[in-house]
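# Observations on the model geometry
Below, each chain spelled out in residue letters.
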Amino acid sequence: MTEVMTVETMIHARVAALDVPSHEERQSITQLDKTMAAHDAKLVAMECMTRVETGGQAASTAPLAFPFNVTAWNLERCLFPEASAAKVLAEKPAVALLTEMDNGMARTAQKNMTAEVARHMDMEYAYGVEFIELGLGSEIEHSFCKDDFNEKGFHGNALMSTVPMQRIFVQRLAGERLWFFNGGDQPRLGERNAIGAVIETVDGPFLAVSVHLESASPAAYREKQVAQLIDALEAEFGDMPMLIGGDLNTGNHAEGDFEAEGLFRVAAERGFTRHSGALDQMTTRPSLITRWPDRAMKLDWFLSRGLDITESRIISSLDDNQRPLSDHDLIVCRVDGFSAA
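All of the points below concern the structure found in this document.

Criteria and cut-off values
- Residues numbered from 1 in each chain as written.
- Predicted model: local features only at pLDDT ≥ 70, side-chain atom pairs only at ≥ 80, totals over all residues.
- Heavy atoms only, no water.
- Pairing = 2+ DSSP bridges.
- Helix = DSSP H or I, 4+ residues; strand = E, 2+ residues; numbered from the N terminus.
- Axes fitted to C-alpha atoms, helices over the stretch in contact; angles between N-to-C directions.
- Phe/Tyr/Trp six-rings, centres within 6.5 Å; stacked < 30°, edge-to-face > 60°.
- Buried < 20%, exposed > 50% of the residue type's maximum accessible area, 1.4 Å probe, protein only.
- Lys NZ or Arg CZ within 6 Å of the ring centre and 35° of its normal.
- Contact = heavy atoms within 4.5 Å.

## Quick look at the sheet that holds strand β10 (residues 204–212)
Pairing in this open sheet of six strands is mixed, and the strands run β7-β9-β10-β11-β13-β12 from one edge to the other. Both edges of this open sheet fall to β7 (165–172) and β12 (273–275), since each of them pairs with a single strand only. Across the sheet, the axes of successive neighbouring strands diverge by a mean angle of 20 degrees, strand direction being ignored. Both strand β9 (residues 193–201) and β10 contribute to a ladder of eight bridges, which runs antiparallel. Bridging across to β10, Gly196 finds its partner in Val209.

Below, the structure written as structure tokens:
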């Protein structure tokens, strides 16, 4: 029996390039009834929202040998792909988890930033659209726009690997369509998502997942997203060792108190351990386009299960000229092997 596609269905269908809805179709989204049903019917009808784009080329076909590094970075649109790739490559990652990646947006020269970064890093990539952006972004981003339109309007998350990825998927997360109902200067169609894949090591496979949780919500919203994500991963991949990493937006609407997040309790109850360098070291900084230059928060984490993580660090996102590449710093962890059951 054919599966009925819903907003939260795990997506496995792969394409070399996502279908681009016309400008007129994208603009028609603004005329939809402001109901969850109208939003969801439109989303599942759009091919670009129900496919995973894959590309690039893995540097090796051999399984990963331990130890290896994994990086996670919210690249804040990815204004500087070459410099950002160089920053990541300095950490010699086998796997890179990236969030807030533009594709066909005026503010980032209409480029596919995931493909650009993967090319500079000699990695295979998978990309899933989180939102179709219906405008040019926040006011501060307009100064980066040379066009008054987006060629695609895609904004999403990515996973990259130096070795081939298997069973690639996108999982859209539980939510209330906040950016559709009240997106302000960033009206959007879509919902937060995670993108993942199975990666082979010399001792067997593990699951790598790049995730972006909701910022415009209290902690209970993110707790629900993490619970739903773990449920979906276990249903599909069982007890396979897992590494989830990305921007968990911890402390938003809680005065920056990341310990107020119930998602850590939920993850711990399901066997996950958190990693994000020193607990008193924040992961945000002022950038060229951030709307909150004075905000210092700890938003970025790895959640691991069944893996021996011996070290995690936070790496400054300033380049050699002290230019911020993002309003988030890069986090990196070292995976030494599978942990004992």
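## Observations regarding the packing of aromatic side chains
In total, this model carries eight aromatic pairs according to the counting rule given. Arranged with centres 5.3 Å apart and planes meeting at 25 degrees, the rings of Phe66 and Phe68 form a pair that is stacked. With relative accessibility at 19%, the residue Phe66 sits in the buried group. One aromatic cluster is present, built from ring pairs that chain together Phe66, Phe68, Phe206 and Phe338. For Arg188, the ring lying beneath its charged end belongs to Trp179, and the centroid distance is 4.0 Å. The ring of Phe264 has Arg274 sitting right over it, with the charged end atom 4.6 Å from the ring centre.

## Quick look at the environment of Phe237
Inspection of the secondary structure assignment puts Phe237 in helix α6 (residues 219–237). Distance from Phe237 to Met36, taken between C-alpha atoms, is 30 Å for residues 201 residues apart in sequence. Those residues in contact with Phe237 that lie beyond four places of it in its chain are Met10, Arg167, Phe169, Val198, Leu207 and Met242.

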